[in-house]
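Working through the structure, step by step
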Amino acid sequence: MSFSFSELVTVIFTLFAIIDIIGSVPILISLKQKIGGIHELRATLISGALMILFLFAGEGFLRILGLDIKTFAVAGSVVIFILGLEMVLGLEFFKSEKDVKAATLVPIAFPLIAGSGTLTTIMSLKANFSDFTIFLGIFINLIIIYVVLRSLNLIARILGNAGLIAVRKFFGVVLLAIAVKIFAENAHGLIK
């Protein structure tokens with residue numbers, strides 16, 4: 001197994017851009033306020049487990065369920081679209097039962113952190129990079145994710161209420177655009 005530092009950097013930055021944990025800060029703060037907290041370590045570990053599972057068994061798992069990557073991506077785009085609508089319109093579509101454990105899994109670990117774009121990207125990276133390099137890239141991104149999740153209160157204090165509203169609306173539109181892009185790239189050919 002050959003290891004290249006430049007390949008590792010490429011994988012790290014590719015995953016960082018796709019995961020977009022910084023762009024997810026407004027919705028994470030909103031969810032944290034709505035449900036009363038986030039289990040940062042649990043969210044990080046669950047999303048990491050999903051990423052590693054998809055690294056080694058993603059395509060096979062989807063085939064067993066009779067699904068393909070495109071179908072998976074379209075389903076994830078719908079959830080992301082609804083979360084974006086919440087942010088832009090100030091409505092609540094995602095009804096939380098105030099259960100921090102449930103919210104840690106959906107929507108935080110999946111689809112916000114380990115969403116369809118991230119999982120699809122991980123499987124796509126296998127064409128050009130070794131599993132070890134991708135695994136290291138995932139691990140380094142998980143450290144970044146954990147630090148950001150632990151810093152949400154500090155970020156909220158820095159932005160203030162008005163800043164949070166402005167950032168939430170802006171990133172809500174960004175989430176809507178990402179959802180539409182994922183949907184458009186993967187929906188063709190699904191409806192026969």
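Residues numbered from 1 in each chain as written. Predicted model: local features only at pLDDT ≥ 70, side-chain atom pairs only at ≥ 80, totals over all residues. Heavy atoms only, no water.

**Points about the pattern of salt bridges**
Pairing between side chains of opposite charge can happen when the charged atoms of each approach one another. Tallied over the entire structure, the rule returns five salt bridges. Linking Lys34 and Glu86 is a salt bridge whose minimum nitrogen-to-oxygen distance equals 3.5 Å. With Lys34 in helix α2 (residues 25-35) and Glu86 in helix α4 (residues 69-89), this pair connects stretches of sequence that are 52 residues apart. When sorted by exposure, Lys34 lands in the same class as Glu86, which is buried. Among the salt bridges present, the one from Lys181 reaches Glu185, with a minimum N-O distance of 3.7 Å. In this pair, Lys181 and Glu185 both sit in helix α8 (residues 152-187), four residues apart, roughly one turn of the helix. (Salt bridge = Lys/Arg side-chain N within 4 Å of Asp/Glu carboxyl O. Helix = DSSP H or I, 4+ residues; strand = E, 2+ residues; numbered from the N terminus. Buried < 20%, exposed > 50% of the residue type's maximum accessible area, 1.4 Å probe, protein only.)

**Details of the packing of α4 against helix α6 (residues 116-125)**
At a closest axis distance of 8 Å, the pairing of α4 and α6 adopts a crossing angle of 155°. As far as their axial angle goes, α6 and α4 are roughly antiparallel. Together, Ile69, Phe72, Ala73, Gly76 and Ser77 of α4 and Ser116, Leu119, Thr120 and Met123 of α6 make up the contact between the two elements. Of the residues belonging to the contact of α4 with α6, the class tally is five nonpolar, four polar and no charged. (Axes fitted to C-alpha atoms, helices over the stretch in contact; angles between N-to-C directions. Parallel < 35°, antiparallel > 145°, perpendicular 65-115°, else oblique. Contact = heavy atoms within 4.5 Å. Nonpolar A, V, L, I, M, F, W, Y, C, P; charged D, E, K, R; others polar.)

**Some points on the layout of surface pockets**
One water molecule sets the probe size; rolling that probe over the atoms shows where empty space is left. The volume enclosed by the largest pocket comes to roughly 560 Å³. Every residue lining the largest pocket is counted, 28 residues in all, and those nearest its centre are Ile18, Gly117, Thr118, Ile178 and Ile182. Among the elements of the structure, α1 (5-19), α4, α5 (100-113), α6 and α8 are those that each provide at least two residues to the lining of the largest pocket. The leading source of residues in the lining of the largest pocket is α8, at eight residues. In this model, the second largest pocket occupies a volume close to 190 Å³. Surrounding the second largest pocket, Ile27, Ser30, Leu31, Lys34, Glu86, Met87, Gly90, Leu91, Glu92, Ile165, Arg168 and Lys169 form its lining. Per element, the largest residue contribution to the lining of the second largest pocket is four residues, and it comes from α2. Residue composition of the lining of the second largest pocket, grouped by class: five nonpolar, two polar and five charged. (1 Å grid on protein atoms, 1.4 Å probe; cavity = no way out; pocket = protein on both sides within 12 Å on 5 of 7 lines; lining within 4 Å. Points joined across faces, edges and corners; volume = space filled by probe spheres on them.)

**Points about unusual backbone geometry**
For the bond from Val106 to Pro107, the omega torsion is 15°, close enough to zero to count as cis. For Pro107, the position within the fold is in helix α5. Residue Pro111 is reached from Phe110 by a cis peptide bond, and omega for that bond is 10°. Following the sequence through the fold, Pro111 ends up in helix α5. Residue Asp20 is not a glycine yet carries a positive backbone phi of 50°. The residue Asp20 is located in the loop between α1 and α2 in this model.

**Comments concerning a nonpolar patch on the surface**
A surface patch of nonpolar side chains, about 520 Å² in accessible area, is lined by Val78, Ile82, Leu89, Leu91, Phe93 and Phe183. Of all the elements, α4 adds the most residues to the nonpolar patch, at three residues. (Patch = residues over 30% accessible without salt bridge, like charges linked within 9 Å, V, L, I, M, F, W, Y side chains within 5 Å. Areas by Shrake-Rupley, 256 points an atom, 1.4 Å probe, with all protein chains shown as cover.)

**Regarding the environment of Ala75**
Considering the arrangement of structural elements, one finds Ala75 in helix α4. Note: C-alpha distance between Ala75 and Ile52 (23 residues apart in sequence) is 20 Å.

**A closer look at the side chain of Ser47**
For Ser47, the location among the structural elements is in helix α3 (residues 40-64). Looking at Ser47, its side chain comes within polar contact range of the main-chain oxygen of Ala43, at 2.9 Å. Of note is the side chain of Ser47, whose polar atom sits 3.0 Å from the backbone oxygen of Thr44. Apart from residues no more than four positions distant in its own chain, Ser47 is found in contact with Ala109, Ile113, Ala114 and Leu142. (Polar contact = N/O pair within 3.5 Å; in protein donor to acceptor, adjacent residues only side chain to side chain.)

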